Amino acid sequence: MNYVVLSRGDKYSNELTEKFHLLAAERGFTRNDKEPDIVVSIGGDGTMLHAFHTYLERVDEVAFVGIHTGHLGFYADWKADELEELIRMMAETRPRIVRYPLAEILLETPEGVTGYISLNEFTLKGVDGTLVVQVNINDEQLETFRGDGLVISTPSGSTAYNKSLNGAVIHPSIPSIQLAEIASINNRVYRTLGTSIILPQHHHCDIISKKDQRLLLTIDHLSIQRNDIRSIRCSVAPRKISFARYRPFPFWNRVRDAFIDYTELD
Ligand code: NAP
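Residues numbered from 1 in each chain as written. Predicted model: local features only at pLDDT ≥ 70, side-chain atom pairs only at ≥ 80, totals over all residues. Heavy atoms only, no water.

S.K.: Describe the domain arrangement of the protein chain, with residues and values.
M.R.: We note that the domain assignment places domain 1 (2-95 + 246-259) and domain 2 (102-238) within the protein chain. One C-alpha centre belongs to domain 1, the other to domain 2; they are set 30 Å apart. When the two sides are added together, the surface that domain 1 and domain 2 hide from each other amounts to roughly 1300 Å², 78% of it contributed by carbon and sulfur. Of all residues in domain 1, His53, Tyr75 and Phe251 give up the largest surface area on contact with domain 2, accounting jointly for 41% of the area buried on that side. For the pair domain 1 and domain 2, the number of links is zero salt bridges. Taken together, the connections running from domain 1 to domain 2 amount to three residue pairs in polar contact (both at pLDDT 80 or more). (Domains from an automatic or database assignment. Buried area = accessible area lost by both parts, 1.4 Å probe. Salt bridge = Lys/Arg side-chain N within 4 Å of Asp/Glu carboxyl O. Polar contact = N/O pair within 3.5 Å; in protein donor to acceptor, adjacent residues only side chain to side chain.)

In structure tokens, the structure reads:
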């Protein structure tokens, strides 16, 4: 098995990475940064975002595994003290491959159209003032948005930024994107729905710039600033990310464990 490990970079995650390499060598796994079959992320959900973007070109060929060195994660299901168990299972068992939807945008500027893929979300914000954009769904105008920004999230990203905006938590088996508002202004000129909306795979949404404005576009943890964005087309990406599951990792249990104080009362 060809594998690569990406560490968050802190001392503990780096130590665990070294331990992973030692145990993996004993099992005959091959370190291969260029063409891995398995990408192991050691750190947190943020580390998985880095791992995903590092191996985006090979997303159809690789499966991801997450080990968390802090709190329980949405993408990182193995605990540090379970490392031996994970490597034993990687050597001796076949994983179940679980595939999660991704979001795609096509960014239109005078230079042409550029595509980007996200695992969590895209955000669009004004740099110098409020963002002013028209939102079309399937080529029909929905609304004119003025406010701090818009977030387009994937189902697995729905528990991240989207959730802070009161967006719905979506199960990753539902191929969809969610559009959530950040502080919209509502008056006679600008009127928005005020709730997040969820688009199925066969729909698309266009965000069209309505003035000369410097915009900040984020793609998960990455960001781009431009003053010539004409429009952004958002849809469910044709590609998916694969996770190798060596044991069950139910999404709703993760939601409960991350967000609900699950203290038993005697
Ligand atoms: P960060 O600011 O260091 O971390 C943001 C937090 O989001 C971390 O606690 C991270 O978990 C958590 N997170 C990441 N993906 C998640 C997911 N799918 N579900 C639940 N929680 C998740 O930034 P970063 O590590 O580079 O991550 C970038 C992400 O930060 C963005 O994709 C965005 O979702 C999130 N963000 C959230 C807000 C907000 O909620 N107001 C604002 C900006 C950005 P770990 O500690 O396990 O890494």
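S.K.: Explain the UniProt feature "active site" (unreviewed entry) in the protein chain to me, and be specific about the residues and the numbers.
M.R.: UniProt feature "active site" (unreviewed entry): in the numbering of this structure it lies at Asp45. By the secondary structure assignment, Asp45 is in helix H2 (residues 45-54). Discounting residues that sit within four places of it in the chain, Asp45 has contacts with Gly73, Phe74, Tyr75 and Ala76. (UniProt positions renumbered as here; feature names shortened; annotations may be inferred. Helix = DSSP H or I, 4+ residues; strand = E, 2+ residues; numbered from the N terminus. Contact = heavy atoms within 4.5 Å.)

S.K.: Which residues make up the nonpolar core, and what values do they have?
M.R.: Counting residues in hydrophobic clusters, the biggest one holds 25 residues, and the most contacted among them are Leu124, Val133, Leu150, Leu179, Ile207 and Ile232. At four residues, strand E9 (residues 131-137) tops the list of elements feeding residues into this core. With near-sequence residues (within four places) excluded, Ile232 lies in contact with Ile105, Leu106, Leu107, Leu124, Cys205, Asp206, Ile207 and Leu217. Residues Val5, Phe29, Ile42 and Met90 belong to the second largest nonpolar core, which totals 22 residues. (Core = buried A, V, L, I, M, F, W, Y, C linked by side-chain atoms within 4.5 Å. Buried < 20%, exposed > 50% of the residue type's maximum accessible area, 1.4 Å probe, protein only.)

S.K.: Give a detailed account of the side chain of Ser158, specifying residues and quantitative values.
M.R.: Mapping Ser158 onto the fold places it in the loop between strand E10 (140-153) and helix H4 (161-164). A distance of 2.6 Å separates a polar atom in the side chain of Ser158 from the backbone oxygen of Pro155. Of the polar contacts made by the side chain of Ser158, one reaches the backbone nitrogen of Ile170; its length is 2.9 Å. In this structure Ser158 touches Ser153, Lys163, Ala168, Val169, Ile170 and Gln178, once residues within four positions along its chain are discounted.

S.K.: Now, about the site of the ligand: what can you tell me, with residues and values included?
M.R.: Taken together, 16 residues lie near the ligand, and Asp45, Gly46, Glu121, Thr159 and Ser164 sit nearest. At 2.7 Å from a nitrogen atom of the ligand is found a side-chain nitrogen or oxygen belonging to Thr159. Considering the ligand on its own, with 840 Å² of exposed area, one finds that the protein chains cover 62% of that surface. At the level of secondary structure, the elements contributing two or more residues to the shell around the ligand comprise H2 and H4. For the shell around the ligand, the leading source of residues is H2, giving three residues. Split into classes, the residues belonging to the shell around the ligand amount to five nonpolar, eight polar and three charged. Composition of the shell around the ligand by domain shows at least three residues from each of domain 1 (2-95 + 246-259) and domain 2 (102-238). (Near = heavy atom within 4 Å. Areas by Shrake-Rupley, 256 points an atom, 1.4 Å probe, with all protein chains shown as cover. Nonpolar A, V, L, I, M, F, W, Y, C, P; charged D, E, K, R; others polar.)

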